[in-house]
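Commentary on secondary and tertiary structure
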Amino acid sequence: MRCAAAARSLLPLPLPTAGAAPIHTSGPPLAAELDAGDALHALLSTLPPSLPALLPSLSLLSRCLTPHSVADALLCAALPPASRLRLFLFSALSPRLRSPLLHSRAVVPILLATDADAAMYDAVADAQAAGLRPPAAAFEALVFAHASAGRHHEAVEAFSRMEGEFGCRPTAFVYNAVLRVLVESGVVPVALALYNRMVTTGCPPNRATYNVLMDGLCKRGTAADALKLFDEMLERGIVPDVKTHTVLLSSMCNAGQLKAAENLLQSMKDQGCPPDEVAYNAFLSGLCKAGRVDEAIQRLEVLRGTGDFVLGLKAYSCLIDGLFHAGRYDEGFQRYREMLEQTEVSPDVVLYTVMIRGCAEAGRIEDAFVFLDEMKEKGFTPDTFCYNTLLKALCDVGDLDGARSLMSEMAQNNVVLDTATHTIMICGLCKKRLVDEALQVFDEMGKVGCPPTVMTYNALINGLYRARKLEEARMLFYKMEMGNNPSLFLRLTLGANQVRDSESLQKLVDSMCQSGQVLKAYKLLRGIIDSGVVPDVVTYNTLINGLCKVRNLDGALKLFKDIQLKGFTPDEITYGTLIDRLLRTRRENDAMMLFQDMLQSGGTPSLSIYNSMMRSLCRKNKLSQAINLWFDHLPKKYNLSAEDEVIASARKKFDDGSLDEAVRELIKIDQEHGSVNSSPYTIWLIGLCQARRIDDALKIFRILEEFGIDVTPACCSHLTKYLCWERNLNAAVDVMLYTLSKRFIMSQPVGNRLLRSLCICHRRKDAQALAWRMHLVGYDMDAYLRESTKDEDGTSEEFLSILNEESSSCQIVLFLLQNG
């Protein structure tokens, strides 16, 4: 054949003459195509890998080629990679030979097997030297090749060089490829900035663009931003597909917006885009994660009844996992048996891991290992997450020998011991106060390239504080803070005060991307992410708690100020720990300042914080202030307005001096909202006793008893003591009888005082009867007697005999007066 002969002689093919036969646009006959394929292989294997040298022959030969014959040459490993890349560029510039899907699949292996950057960039430069514009397909291939190999930095660099160095305008396809790389890299702000550039440069986004971005936003936890993009997509006239809806659905479910997710499901049906199995599974998973397992089961049965949904492996995994999270382990195991017996569904690695975790959480660790063995027998290889689940279970029950053995098994089976593996082990060791061994594991992490997380540091710092190794704990914190602080990283790389918060960071990234500095923006965000671990509020709480335990409150307060200076928001635990310790050391003013700071910053103090504050105010005889503090808390507690009629009514009764009626109203409010807690009322009761308002205290005691609310032993003790002082012995006996019915054991002085008071007031029979009942419920009456009245073995037969003699009332009175 003429074409083949010319190629084999290494001479450029002559241009066709005027009398040459016309070429059919539908493509050459099969025989001509085969000959052209042979010629193409010969051409690429003999001519220099230079596009100027190959171009004349390729131009003539192209009339006999098809996308398939080009793809065949691209896939031929015997041909020089450089020549094949030039063929790829040539075919990408020819509409008839262009087949993006086919050629991308063919060229990506070339790029993965060779020096991708150098080879492709040389080919693009060759095309420019031959007077051709570099095709976007070249950069598409580069981005895909790097992304598939996990080389995200190189993928972004290819995109940056595409326009900045080679003047090739990105297509929507290239933009989408880079956006996916950015999302997978965890730099969603850069992806959003690049999307803005895509729009402003006139490249219209398509459905794939929005799917990628919304998926990234949803995984980042910013569902509201994903919904805004969804609305923008609709405004552009782009019709969402099932994947788009499913991404949004998953986001809504993860954010707990189940009603909105349900509406979206219905909207999909109304728009003729029926939900698929993935969408239904996402919704069921959302219900289970929200603890609404029963509702998930009901909806599942409805879907199965209508035939819209077949219960498959994914659905069973979600349902069983939801039941385990709800603590309904027996039902979870029953569903697993149902799956095996009634369907042809077989468990996979995910479901086996769910079952292993369920067994571990239910305390059935032996069963968990049975599942692990079964999993191996069926040919599944347990992954790191699966092993970590078992490791945590062993550490939680304190079986550190088993945990060490499991880690050895992981290493022997070439299972990666990741950061989570080491952190779980460190937590387990610290709980057992084996801090030195935990530090060894921490050092090992650095040797094997496992970066510690904030949880790792928190566990170690807490363990060091508990072991009283305060200086080592501080040093570890400073290492964590100074070596891995993004704020410090930003100041060093950008200059002081250029970036102060996430909003200014997003503006900076937008500015970089708009000016074409996408790679620089990518490096900036990845630098922040890769800078490591940042101390979080939990870290600071651990440090504050440690300082409080060693009574270094000034140091704890200084650390509290550091939290705010570094942009963190102290949480309920931060405030609660400090307020509690300040109150214990009688620093009420400092505690009140912190409490007010929490309210002003929008925080919601917990019940324990309110209780601590009210106890402190009561100790200082500021009972009214303590009660008003609770009235201020109620609207927030029950999500009511401050002017709510019921709360206003209770407050008015209190202001009018009817505390007992106010308490009655407040208990009714608690009952209506299903949240009856005795703590505020018992605190007030003790406060009333301390203020010598015994009648009011007794009224609250009666109301609590009436509503069936347990009165604490501390309240009964205070009330009994003060009633004895007031000589209200009938009420004191009633309170003591209440404690006996509740099986409370009061302290020795309380019982002594009441029995002595009864005897002094000539109520010998009441004293005798009460003493006997105290003895029956478990009081050690021997503790109420002096040593001189006890016999050699320490018992008091004399006293017990007196209790049994109804006629010896004079003896018991004399006995109690002498020994009580």
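Our structure's up above, just so we're on the same page.
Residues numbered from 1 in each chain as written. Predicted model: local features only at pLDDT ≥ 70, side-chain atom pairs only at ≥ 80, totals over all residues. Heavy atoms only, no water.

1. Description of the overall build of the chain
A count of helical and extended segments in the chain gives 46 helices and zero strands. Every one of the 820 residues in the chain was classed for burial, and the buried ones make up 48%. Summarising the internal contacts of the chain: among those between residues at least 6 apart in sequence, 62% fall at separations of at least 24. By element, 52% of the accessible surface of the chain is carried by carbon and sulfur atoms, the whole surface being about 39100 Å². (Helix = DSSP H or I, 4+ residues; strand = E, 2+ residues; numbered from the N terminus. Buried < 20%, exposed > 50% of the residue type's maximum accessible area, 1.4 Å probe, protein only. Contact = heavy atoms within 4.5 Å. Areas by Shrake-Rupley, 256 points an atom, 1.4 Å probe, with all protein chains shown as cover.)

2. Brief notes about the packing of helix H42 (residues 729-741) against helix H44 (residues 764-776)
Running from N to C, H42 and H44 cross one another at 20 degrees; their axes reach a closest spacing of 10 Å. Taken together, H42 and H44 sit at an angle that is classed as roughly parallel. For H42 against H44, the interelement crossing comes out left-handed. Of the residues in H44, those in contact with Met736, Leu737 and Leu740 of H42 are Leu770, Arg773 and Met774. (Axes fitted to C-alpha atoms, helices over the stretch in contact; angles between N-to-C directions. Parallel < 35°, antiparallel > 145°, perpendicular 65-115°, else oblique. Left-handed = near helix turned anticlockwise from the far one by under 90°.)

3. Let's talk about the nonpolar core
Note on soluble globular proteins: their nonpolar side chains tend to be buried together. In this structure, Met120 and Trp684 are the most contacted members of the largest nonpolar core, which totals 256 residues. The residues contacting Trp684, other than those within four sequence positions of it, are Met614, Leu623, Ala626, Ile627, Trp630, Val663 and Leu666. (Core = buried A, V, L, I, M, F, W, Y, C linked by side-chain atoms within 4.5 Å.)

4. What about the pattern of salt bridges?
Oppositely charged side chains can pair when the atoms bearing their charge come close. Here the structure, examined in full by the defined rule, presents 28 salt bridges. Lys431 is paired through a salt bridge with Asp396; the nearest N and O atoms lie 3.7 Å apart. With Lys431 in helix H24 (residues 419-431) and Asp396 in helix H22 (residues 384-396), the pair connects residues that are 35 residues apart, well separated along the chain. On the accessibility criterion, Asp396 (43% relative accessible area) is partly exposed. (Salt bridge = Lys/Arg side-chain N within 4 Å of Asp/Glu carboxyl O.)

5. With respect to the side chain of Glu665
Take Glu665: it is sitting in helix H38 (residues 659-672). Using a relative accessible area of 18% as the deciding quantity, one classes Glu665 as buried. Apart from residues lying up to four places away in sequence, Glu665 is in contact with Ala650 and Lys653.

6. Thoughts on a positive patch on the surface
A surface patch of like charges, here positive, comprises Arg433, Arg466, Arg468 and Lys549. Among the secondary structure elements, Arg468 is positioned in the loop between helix H26 (454-466) and helix H27 (470-483). (Patch = residues over 30% accessible without salt bridge, like charges linked within 9 Å, V, L, I, M, F, W, Y side chains within 5 Å. Lys, Arg positive; Asp, Glu negative; His and termini not counted. Charge placed at Lys NZ, Arg CZ, Asp CG, Glu CD.)

7. Re helix H43 (residues 748-760)
Given a rise of 1.5 Å per residue, 13 residues ought to cover 18 Å, and the 18 Å separating the end C-alpha atoms of H43 matches this to within 8%. Where H43 is concerned, the buried positions are Val750, Gly751, Asn752, Leu754, Leu755, Ser757, Leu758 and Cys759. Just past H43, the residue His762 takes up positive phi, approximately 65 degrees. (Expected span 1.5 Å × (residues − 1).)

8. What about the environment of Asp276?
Counting through the fold element by element, Asp276 comes out in the loop between helix H15 (258-270) and helix H16 (277-289). Judged by its relative accessible area of 30%, Asp276 is partly exposed. Expressed as a C-alpha distance, the spacing of Asp276 and Thr246, which sit 30 residues apart in the sequence, is 8.6 Å. Dropping the residues within four chain positions of it, Asp276 is found in contact with Val242 and Thr246.

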